[in-house]
Amino acid sequence: MMKYRYLGTTGVQVSALCLGTMMFGAWGKTSQTDVSRIVDAAFDSGINFMDTADIYSHGQSEEMLGTALKGKRDQVVLATKFFMPMSEDPNERGGSRRWIMREVEQSLKRLQTDHIDLYQMHRPSSDTDIDETLGALTDLIHQGKVLYAGSSSFAASQIVEAQWASQRNRHARFVTEQPPYSLLVRGIEQDVLPTIRRYGMGSLSYSPLDGGWLSGKWRKNSASAPTSSARPSARFDMSSKDNLRKLDMVERLSQLAQEYHMTLIEMAIAFVINHPGITAAIVGPRTLEQLNSYMPAVDVTLSDEILDRIDDIVKPGVTVNPDDNSYGDHELTATERRR
């Protein structure tokens with residue numbers, strides 16, 4: 001049975017699972033028929049929280065989700081994001097007031113709605129003063145086009161900076177943060193999650209299956225394991241020592257899940273939504289079958305014994321492969337280090 005939590009201190013209640021729509025459209029090769037079936041099934045199962053972004057399939061995800069939500073829009077807490085490049089034009093991206101005011105209109109049109117419940121900054125910007133971004137979002141809230149603002153992949157220091165800017169200049173504040181979190185990506189336990197809780201923010205974490213690593217599909221000595229030639233990203237390079245360690249950990253986690261009579265998927269998602277600092281886990285199915293495999297996790301409670309054994313496999317606060325982090329990386333580039 002679906003569980004609901006307050007979205008930070010907003011008074012809005014959202015489902016513990018949030019339907020992520022990155023795979024809607026060309027990126028996931030899904031048709032409108034497939035999308036509508038997934039959205040209907042998610043809604044019928046009690047999911048009232050859905051998250052997309054303008055960049056997903058270059059606007060197609062928003063369009064398909066908007067079509068699928070006809071007749072049920074008011075029963076759904078709808079979240080989308082801005083920031084990523086939408087064209088070669090250097091001004092069609094980022095956190096500037098100029099871009100936010102333009103792009104929100106496009107997202108509203110694609111989503112076929114007159115307001116966005118949660119409008120999120122997809123990534124922090126080193127080029128735009130956060131005061132400018134928050135000022136634009138505040139005006140959109142006053143206009144009724146946006147109800148709440150949120151951030152995504154912000155480091156703890158950036159979360160604090162944004163909160164201070166809101167207090168100092170009386171802007172609307174970010175009421176949510178969207179960080180990566182999973183059994184294998186636990187870095188946010190050190191500072192991001194405590195910071196989120198300190199400011200009373202909601203947290204909708206993404207990649208609870210770590211991009212498929214915890215789906216049970218990729219295992220040691222498995223023909224389906226990704227290779228560096230098939231997936232050149234560092235996240236899937238099987239010559240990497242960090243990824244080899246991940247394969248070992250996946251084996252141990254799989255055995256642990258089996259011992260407690262659950263699937264690895266169920267244990268992985270339950271681990272995320274059982275954390276007191278997590279409001280909702282974003283699950284991004286490409287098929288209805290994938291969605292159905294996620295749903296039992298809502299009813300799974302992990303005992304202290306299981307959690308201790310998980311900690312023995314992956315230490316708290318540790319991200320096994322640093323390439324899985326999507327925040328804080330730019331601070332360590334050569335130019336930022338001055339060498």
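Criteria and cut-off values
- Per chain, the residues get numbers from 1 upward, laid out in the order the sequence is written.
- Two thresholds apply to this predicted model, a pLDDT of at least 70 for residue-level local features and 80 or more for giving and counting side-chain atom pairs, whereas whole-chain, interface and lining totals are computed over all residues.
- To get the side-chain values, all heavy atoms of the structure are used, and hydrogens and water are removed first.
- In DSSP terms, a helix is any run of H or I states spanning at least four residues, a strand is any run of E spanning at least two, and both are numbered starting from the N terminus.
- The size measure is the radius of gyration over C-alpha atoms, and the globule rule it meets is 2.2 Å times the number of residues to the 0.38 power.
- Whether a residue is buried, partly exposed or exposed follows from its accessible area with a 1.4 Å probe, protein chains only, as a fraction of its type maximum: under 20%, in between, or over 50%, in that order.
- Whether two residues touch is decided by their heavy atoms; if any such pair falls within 4.5 Å, the residues are in contact.
- The Shrake-Rupley method, run with a 1.4 Å probe, gives the accessible areas here. Residue values count only the displayed protein chains as cover.
- Aromatic pairs are defined between Phe, Tyr and Trp rings, using the six-membered ring for Trp, whenever the two ring centres lie within 6.5 Å; interplanar angles under 30 degrees are classed as stacked, those over 60 as edge-to-face, and all others as tilted.
- A ring is considered to have a charge above it if a Lys NZ or an Arg CZ atom is located within 6 Å of its centre and within 35 degrees of its normal.
- Salt bridges are defined as contacts in which a side-chain nitrogen from Lys or Arg sits within 4 Å of a carboxyl oxygen from Asp or Glu.
- A cavity, in this analysis, means grid points on a 1 Å lattice covering only the protein atoms where a 1.4 Å probe fits yet has no way out; a pocket is instead an open set bounded by protein on both sides within 12 Å along at least five of seven lines, and a residue lines either one if it has an atom within 4 Å of a point.
- Grid points are joined across faces, edges and corners, and a volume is the space filled by probe spheres set on the points.
- Residues were grouped as follows: Ala, Val, Leu, Ile, Met, Phe, Trp, Tyr, Cys and Pro as nonpolar; Asp, Glu, Lys and Arg as charged; and all remaining residues, including Gly, as polar.
- Two strands are said to pair when DSSP picks up at least two bridges between them.
- Helix axes are fitted to C-alpha atoms over the stretch in contact, other axes to C-alpha atoms as well, and angles between N-to-C directions run from 0 to 180 degrees.
- Residues grouped as a nonpolar core are buried Ala, Val, Leu, Ile, Met, Phe, Trp, Tyr and Cys residues, joined through side-chain atoms within 4.5 Å.
- By convention, orient the strands away from the viewer: a clockwise path from the first strand over the helix to the second makes the crossover right-handed.

With respect to the overall build of the protein chain
Point 1. Counting its regular elements, the protein chain contains 11 helices and 10 strands.
Point 2. Taken over the C-alpha trace, the protein chain has a radius of gyration of 19 Å; the compact-globule value for 339 residues is 20 Å, and the two agree within 12%.
Point 3. Along the first, second and third principal axes, the C-alpha set of the protein chain runs to 55 × 55 × 40 Å.
Point 4. Evaluated residue by residue, the protein chain yields a buried proportion of 54% over its 339 residues.
Point 5. Pairs at least 24 residues apart make up 78% of the contacts formed inside the protein chain by residues separated by at least 6 positions.
Point 6. For the protein chain, the accessible area works out to roughly 15,000 Å², and carbon and sulfur atoms hold 49% of it.

As for the packing of aromatic side chains
Point 1. Across all of its chains, the model carries four aromatic pairs by this definition.
Point 2. Taken together, a centroid distance of 4.8 Å and an interplanar angle of 45 degrees make the contact between F82 and Y119 tilted. Of this pair, F82 sits in strand β5 (residues 77-82) while Y119 sits in strand β6 (residues 116-121), and the two are 37 residues apart along the sequence.
Point 3. For K72, the ring lying beneath its charged end belongs to F43, and the centroid distance is 5.8 Å.

Here's the deal with the pattern of salt bridges
Point 1. Scanning the entire structure with this criterion turns up 14 salt bridges.
Point 2. Among the salt bridges present, the one from D117 reaches R73, with a minimum N-O distance of 3.1 Å. Of this pair, D117 sits in strand β6 while R73 is found in the loop between α2 (60-68) and β5, placing the two residues 44 residues apart along the sequence. Taken individually, D117 and R73 each receive the classification buried, so the pair is uniform in this respect.
Point 3. Between R186 and D311 there is a salt bridge whose closest N-O contact spans 2.9 Å. With R186 in the loop between β8 (174-178) and α6 (192-198) and D311 in helix α10 (residues 304-313), this residue pair connects regions lying 125 residues apart in the sequence.
Point 4. On the basis of relative accessible area, D311 is assigned to the partly exposed category, the value being 23%.
Point 5. Each of E62, E103 and R110 takes part in a single network of salt bridges with overlapping partners.

Thoughts on the layout of surface pockets
Point 1. Considered as a void within the structure, the largest pocket measures approximately 1,200 Å³ in volume.
Point 2. Residue composition of the lining of the largest pocket, by class: 18 nonpolar, 14 polar and 10 charged.

Brief notes about the sheet that holds β8
Point 1. What the eight strands build is a closed barrel, ordered β3-β4-β5-β6-β7-β8-β9-β10; its pairing is parallel. Strand-to-strand twist in this sheet, taken as the mean axis angle between neighbours without regard to direction, amounts to 30 degrees.
Point 2. Bridging between β8 and strand β9 (residues 202-205) involves two bridges; their strand directions are parallel. Among the inter-strand pairings, T176 is bridged to a residue of β9, identified as G202.

Considering the nonpolar core
Soluble globular proteins tend to bury their nonpolar side chains together.
Point 1. L17, F174 and M267 are the most contacted members of the largest nonpolar core, which totals 85 residues.
Point 2. When sequence neighbours within four positions are dropped, the list of residues in contact with M267 reads L183, L253, L256, A257, M262, L302, I306 and I310.

Quick notes on helix α8 (residues 264-273)
Point 1. For α8, the tally of buried residues reaches 10 of 10 residues, placing the bulk of the element in the interior.
Point 2. Here α8 has its buried residues at L264, I265, E266, M267, A268, I269, A270, F271, V272 and I273.

With respect to the pairing of β5
Point 1. Here β5 lies mainly inside the structure; six of its six residues are buried.
Point 2. Burial along β5 is two-sided: the residues V77, A79 and K81 and L78, T80 and F82 are all buried.
Point 3. Sheet topology note: the strand β4 (residues 49-51)/β5 ladder contains three bridges and is parallel. Residue pairing across strands places M50 opposite L78, the latter belonging to β5.
Point 4. This β-α-β element, β4 to α2 to β5, shows right-handed connectivity.
Point 5. Two strands pair when backbone bridges link them, and β5 and β6 are joined in this way by four bridges, in the parallel orientation. Bridged to F82 within β6 is M121.
Point 6. Handedness of the β-α-β unit built from β5, helix α3 (residues 97-111) and β6 comes out right-handed.

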